Structures are given as structure tokens and as C-alpha cells.
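# Coordinates in review
Each chain, letter by letter, is given below.
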Amino acid sequence: MSDPMAEIKASFFIECEELLESLQDALSDLDEGADDGETINVVFRAVHSIKGGAGAFGLDALVAFAHRFETVLDELRAGRLDLTPEAVKLFFQAADLLADEIHAAREGSREPEAAEECLQALEALLGDRGAAHRADAEDETEAADFQPMGLALDLDFDFTPEDASPASFTLQFRPDGALYASGNEPLQLLRALAEIAEVSIMTDASAVPPLDALDPEENHLSWTVQITGDVTEDEIREVFEFVEDVCQIDISSMPKSSETPLPEQPELESEPSGDTDEDEKFEPDAEANGPGPVDPAPPPTNEIAEIATEAPARTPDPGPAEQQAEAAKPSAAQPAASNTAPAAEPGATVRVDIERIDRLVNLVGELVINQAMLAQSVTEAGLPPNSAVNTGLEAFMMLTRDIQDSVMMIRAQPVKPLFQRMARIVREASSAIGKDVRLKTEGETTEVDKTVIERLADPLTHMIRNAVDHGLETPDMREAAGKPREGVVILSAHHRSGRVVIEVSDDGGGIDRKKVFEKAIEKGLVASDAQLSDSEIDNLLFLPGFSTADLVSALSGRGVGMDVVKSSIQSLGGRISITSEPGKGSCFSISLPLTLAVLDGMVVNVAGETLVVPLSSILETATLTSEDIRALGPSTNVIHLRGAFVPLFDLGAELGYRGPKRSYSGDVVLLTAQEDGARSALVVDSILEQRQVVIKGLQQSYGHIPGVAAATILGDGQIALILDPADLVQTASGNTRAIDISLAG
Amino acid sequence: MTEDTTPQNDAAEVELLSFRLGEEEYSVDIMSVREIRGWTRATPLPHAPAFIRGVINLRGTVLPVVDLSIRLGMEPVAGDARNVIIVVQVGSQTAGLLVDAVSDILALPRSEMQSPPDLNADISQRYISALTIVDGRMIRILDLTSVLPQEAIEAA
């Protein structure tokens, strides 16, 4: 951190990430047929900005690559190059390599090998012109070195350079006290003015009397505004239309900065006051206006310079005048700012170290536990529900919840960068095995906890590769099946009932169930006479040891099986399921909790133990009657619920707290739903409450417990287990579908 | 058996925290003891081996508690106010050991440690790394790594 250069460099690389993202976006648009100049410009600018920044840091390899890429893009921008799908493909490849180059520059590692090849392919697009540009490129690379931090500046923003046009107007603006009384604000007016033209504003606070003589209702400030640019006097007058009668406005078309302070000249000498910033700003501007009509009266300018030097010594006099001067400051600073950063800012952002956020998340977690403890002791104290303590506590709980939500939102990030990485995987995988694949993404803006995103990358990569490699048929096979040669892989994300569902689907041939089944028998994973449903066969893919040896190509057979994918999803508290239709394709669906820190749960009591069931998995609760319960097999029951039969599980027995009960009549059941829509009824002794609980992992301190997702700390300081109903049902004992135990999906 | 948990430092003396389990006296290296807590009810874990008493809340973290008595093949610890939980840390793993009562802190010369005799029949023997005699009482020094739950899950 001590090296300022390293810091700037780090921020350059962060900026690069953003530029690469917009580059990918624009290329995707191009790929989808958006052949407009603006999109091409975005591509060009991104590459150009990276080059500019890299030049400033002397990252020569990166500059060289970016430059040659940029040269080709420039041709495209100039319309001398056709935007063919092949070209877009090459651009994508070049963008990927550019990302690699940036990575190499950051890590100081070797640059990617394929770079030269790709560049030559790119330059081949240019035909004969390519060679000439090649030569230029070398020269210009040198030139690029001098380019200072051209990052945000290089946008074709439409503003008039200072020296291009002379000052067109000088505005004298002196509001009456009535202007304030009528609810107007000079700052707003000046800002409005700054929006239509280039302005340079000087505040004249010289008329401000000493504090004891100050009439707070009256105005003592006036402003002199130099207006440059393409505006008419009428347009300027329009800004002040509503305040015309409560202020003095004097617009002159010649720069009359000389006249401005003249009447107050003596005062200026005796009592210099005013905001230095403005004066200093004004100074160079007055000179900058020089190329236009020359300032006829030097003395006032000197006066201003004098103020600038003397003013700092002035003791600040607080009061309305000071505030007004303060208020005027931003308006004066604004045009200056717009000179340096004309880019439209898409909402201000702050980069924060993730550790700080994590700390905040932990603290909020503790806060929630403490709040629960407090609530419990208030209840135990037996205070009346409408007492001040209770109302206060209620407000406290709402605040806690809001804080929690906000903190979680900080951690949440759109899945877009992850999806972009996957787009690259698709490009690489498809070109490696010679398939035409288009990746469609949906719901890129869906926000998921940062940790979840990070830990999703590996399993998702594997699934995408699988989809490209196994899911999709070869182009010839596709054609024979009457499908377009180009296969489609859809990667989508959306929120569904408090969870995030990420799906990878393809329009390939679907799972070859016969082959999978045979393979499983061969591996001894299932008995050869086992009767398996389609979905059970699909789920065989997740079994450890299900090596698809002869199904695997060099591409996806990289030692990561689907069982690894499954376990990494499970470690995130997620679940994965498959649906597949022969000839139509298959779909892998991952369902994840929104956050890893808190969940809304139903607190229930089972055999004296307190358990938490995630609210998101509960469809409804019901009280059983003896008619509802039907026996199924020797040890299992189903309940009859509105025409459907739902398997019944006794939580107390499943978790080993007690044996199965003789009768469940009158007991409370929670009806839960799994990802695949299967329902199950869980018997509990009583429902205590619904509340938010902080998730405390068990994995690290103990290990995985079947049916248990995590633990939490209750208001009384006791630990309660958080159930994972889907997992619980799959490993449940009171189940005749024994095969499910081994095929847990 | 493993010598790992006997103190590795070069000091000639080793400090032990000794405690009672039934009529027997055991001890652990005091360097691995984080704190000693009074008995609190542990939340039982489903599908856990019998010696896992459950989990307790240790200032916001979930701490598994091992009933050391069951672990060593004896009757379970009663679980009343006189019992204590010794919080120990081995490597990155922290766990609670439920014992009948803590008795003493002993400082013993390393030279007085004896390897336990090799008796395969005794299941508790695999958890003992050394033996020593203090005032005529035999004190067993536990091998913590083999006692803690993670190990048990893998072995089970």
C-alpha cells in the first residue's frame, strides 16, 4: 500500500476488469446482430482505454496486443471491414486473449501463447491493408507510451473545448432576499445554467457585513458567471424565468468581467472576504477567455488575485452568507469537473475490501442473536405487550432486519461476470471439439451472494463443458435430427421462492438412459435387475465412481465427476437436479440459498428438541386427522391431502430422538416441497414461531449430518439444528423406496 | 502409538490438566486446553455416534462436545452441575470434552512419561499416549487427535 504507483496500477487493473466486461457485452450485442456504430465504438473504446492505461504503466506486451487489436477495430469502425460472424468470433477470441494479457501483466507471468496466432488471424481480415497497419502499429506503439491515463477521457463526449469558442456572455446575478423567501435557491439556478453551457462562476461575497450587522433575511451575495458555448441569451434568460422579479440579472454579450467588481472595489480592499476556491478558479478562466475579447481592465483581475491570497487569513464568519458561499461552491466546481470527467457516471460506487463487509456481516449476525436473546428475556420478564420496552424492541427488530437486508445486498453481486466467464468456456470448448455452439444467457442481473458466485465457478464450468461435450450432438448428427447445426446452451439465473435457481440446459440429444443404466450396472452401482424410473437413471450421473469412460472426451474428462459438482453445490447449501428429454436436450438445475448467513425459518419442537425448518421449503402446515393417514407398506404411511398422496415422515424418529409414534392423529405436519416438486409431510410436535436465524456452519466443527443443513443459536443461547428437508427425506428411513437412498439427487 | 500429542517442546517439564472419569484419572497437555466450562446441555446431533454428546454455543460458535467417558468405553457422564466441559484445541479443530470433574494441574518431568503397554484388546488404550505415576496414582495422558470427533467420523 505504501507504493502509490502500485495502488494506481491496482486500480487500473480493476478498471480493466470493467472495461473487459463492457467489451464482452458489446461483442455479445454484435454477435446478436447489433451492427450499429455505437456498439462498435464501445468495443473500440474499451480496447483503446486498456491500451492507454497500459501505456502509462509501461506494460509493453499488453500495449502491443491491444494496439493491433485496436487497429483492426478501427477499420471496422471506419466501415472498411465487414462484420461477418467469423470476424465476431475472432473478436471474441481476441477479447479473451486480451483478458489473458491483462492477467499476465498483473501477475507478471508469461503472456498467452496463442496471442500472435490470433492477431495474425485478425489482421488477415484486413487483407492487404493489414501489412501496412502492421508497420504502423510498431510506430504507434511507441506513441501510445506517452498517452497519459486515457481511461475515462477518451469518450466521444460532446463538449466544447475551452479554447475553441470565446466567452459569449457575462451574467451578473444578484438575488434579492425575496428570492430565498420564495423558496428558490441560487445554487439550483447556477447548476441549471451549467447544464446548458460551459460556465465559470465567481462568487462575490464582498458585500457581506460583519456578523453583528448581518440581516439574515437579506441577501449579500452576488455571482458573476462567464458563459461559454452554444447558447443564446434567451436560453439563459429562461433559466432565470421564474426569479426575474426577485433578482437582478444583467446579461451582456461581451465579457465584462472588468465591470463586475468595480462598484465594490473599495470594499474589496478594506474587507476582503469570499470564497477563495471560486476566485482562484475564476482567475485562470478569465485568462482562458483571453483569445476572445481581451480583458480591457486589468485592475479588477488583480483585485481578485489579491483576494485569493488574502482570503485564507480571514476568520470564517458563520452565518447565512457563509452557507450561501458554501452552496455556491459546488456549482462553480461543477464545470471544472465536467472538463476532466465528461463520462456520464452510472451512479457513484465505492470499492470496499470484502473483509470489511464480511466483518459487518458477522457483526450483524451477532446482532440478530443478541436481539433474539433480548426479546426472550423481555418475554420472560412478563412485561405487557404494549409497554414501551416492547414497542421499542419491535422497532429494534425491524431495524435489525433492515440492516441485515442491506448488508446482504452489499454482498450480493450480479451473476453477470460469472456468466461471461462461462461464455468463454463455451467458446473454448466448442472450438476444441468442433461444434457450433451458441450460449444464451438469461437473468444476468440476478444477484447472488459473492461467496456463492465464487464457489459456483468450478461446478458451473464443469457443467457447461459437459453440456457442450456430451449434451450437444455433432453438427452432422443435429442436421440429421432436423435441428439447426448450431447447438444452443442456455445459462439462466432467476430467483424462485427465496432461492436462486441457476440452470444449464442444452438442446442436444438428452441423456442416453439405456447407456447410463448399462454403465451403472457394469460399474456395480446398481443391481442389473433394478427397476429404475427415468429420473432415477438420470440421477445415476451424480454417483461417485460413475465414470463415463467411453463417453468422455479429452475435454470434460478432467477428473471432476458430476459427484464432485454435486458435493460442491451441496456444500453451498444448494441442490442439483436433472431433467432430460430424449432428442430435445437436458437441463441441470442448481438451487441455492440467497445468502449463506441468515435464513427465515420456522422454529418447531420435536421430542423436546428445538429445530429450525427453512421457511422457503415449507408449503403449508396442517393438523392430521386419522382419516388423512393411510398405510403404505409395513412401516410407512402416506397422507391424503386434497387428492394427492404425500409420504409421511416423523422428524422425531428420523432424527433418532424417539421411535415412531403409534398414532399421528392430531399431530402437526409441515408440508415441504423439493426442487423437483416432490412433496413430503414432516411430523413435528408443535410449531413455536417463525423468525430469522443466523446460520452457523457445522461442516467445519463437526462434519456433514444427513438431513441437517447447519445450526443456529436461539434466543436462550441454545443451539438448534437447521434442517434440510430435501436431504432429510432422501436419507429418511421410513421410506419404502429404498433405491432413493443410494440415488439421492 | 502416536506420540504426536505429547508435548513437542524441549522443556524437560510438561504441564498436565488432570480430570476424573468415573474412578479413573486422565490428563491432557495443558497447552491444548483453551478453557474449562461448567456443564450446559448440549443439543444432540442426529445420526451421530454415541460419544458425541451434541453441540453447545461457545460465544457464538458451534462447539461439538465429546462424552469422553463413552469414548473410552465407560458409562456415560451423568451430565449434572458438577460435570465440566474442557474446551481443547488440536490444530485447527476445537471441541469440548465432557468429564466428571477436573482435579489438578500437574507439572511432571518428561522423563517420567512411560509408553503404554501394547494391549490390543483394550479399546481405550488407543486413545492413550503415555502413562505416569503421581503420588502412587496412575495418570493416563490422552492422545487428543484420536479422541476428537472428526477422527471418529472418518473412522466410523
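Computed from a predicted structure; not experimentally measured.

The helix and strand tally for chain B stands at 3 helices and 10 strands. Secondary structure elements in chain B, listed N-terminal to C-terminal, are β-β-β-β-β-α-β-β-β-β-β-α-α. Expressed as a percentage of the 156 residues in chain B, the buried residues total 51%. Only carbon and sulfur atoms are counted for the fraction: they give 50% of the accessible area of chain B, which is about 7500 Å².

Residues and elements named next belong to chain A. A full pass over the atoms with the stated rule returns 23 salt bridges over all chains. With its nearest N and O atoms 2.9 Å apart, the salt bridge here joins E428 to R424. One end of the pair is E428 and the other is R424, both in helix α16 (residues 416-433) and 4 residues apart, which spans about a single turn. Classification of E428 by relative accessible area gives partly exposed; the value is 39%. Across the pair D534 and R513 runs a salt bridge, and its minimum N-O distance is 3.4 Å.

All names here are of chain B. Look at H47: it is not a glycine, yet its phi comes out positive at around 60°. A positive phi angle, close to 50°, is found at D135, a residue other than glycine. The topology assignment puts D135 in the loop between β9 (128-134) and β10 (137-142). For D135, a relative accessible area of 72% translates into the label exposed.

What follows concerns the interface of chain A and chain B. Think of interface size as the accessible area that goes away when the parts come together; that is how it is often given. Contacts between the two partners involve 20 residues from chain A, matched on the other side by 20 residues from chain B. The junction of chain A with chain B conceals about 1800 Å² of combined surface from both sides, 59% of it contributed by carbon and sulfur atoms. Summed over the three residues of chain A that lose the most area to chain B, namely S701(A), Y702(A) and I719(A), the buried surface amounts to 39% of that side. The closest approach of N and O atoms between E609(A) and R41(B), which form a salt bridge, is 3.0 Å. The interface formed by chain A and chain B contains 4 residue pairs in polar contact (both at pLDDT 80 or more).

So, about the sheet that holds strand β7 (residues 93-99) of chain B. Residues and elements named next belong to chain B. On the basis of which strands lie adjacent, the open sheet formed by 5 strands has the order β3-β6-β7-β5-β4 and mixed pairing. A strand with exactly one partner marks an edge of an open sheet, and here the two such strands are β3 (33-38) and β4 (52-58). Within the sheet, the average angular offset between the axes of one strand and its neighbour, ignoring direction, is 30°. Strand direction decides the pairing type here: strand β6 (residues 84-90) and β7, joined by 7 bridges, are antiparallel. Note that in β7 the partner of I85 across the bridge is L98.

Moving on: the packing of helix α4 (residues 85-107) of chain A against helix α5 (residues 115-125) of chain A. Residues and elements named next belong to chain A. At a minimum axis distance of 10 Å, the contact between α4 and α5 shows a crossing angle of 145°. Judged by the twist between their axes, the crossing of α4 over α5 is left-handed. Listed contacts from α5 to A87, L90, F91, Q93, A94, L97 and E101 of α4 are A115, C118, A121, L122 and L125. Classifying every residue of the contact of α4 with α5 gives 10 nonpolar, 1 polar and 1 charged.

Analysis parameters
Residues numbered from 1 in each chain as written. Chains lettered and ligands numbered in written order. Predicted model: local features only at pLDDT ≥ 70, side-chain atom pairs only at ≥ 80, totals over all residues. Heavy atoms only, no water. Helix = DSSP H or I, 4+ residues; strand = E, 2+ residues; numbered from the N terminus. Buried < 20%, exposed > 50% of the residue type's maximum accessible area, 1.4 Å probe, protein only. Areas by Shrake-Rupley, 256 points an atom, 1.4 Å probe, with all protein chains shown as cover. Salt bridge = Lys/Arg side-chain N within 4 Å of Asp/Glu carboxyl O. Contact = heavy atoms within 4.5 Å. Buried area = accessible area lost by both parts, 1.4 Å probe. Polar contact = N/O pair within 3.5 Å; in protein donor to acceptor, adjacent residues only side chain to side chain. Pairing = 2+ DSSP bridges. Axes fitted to C-alpha atoms, helices over the stretch in contact; angles between N-to-C directions. Left-handed = near helix turned anticlockwise from the far one by under 90°. Nonpolar A, V, L, I, M, F, W, Y, C, P; charged D, E, K, R; others polar.

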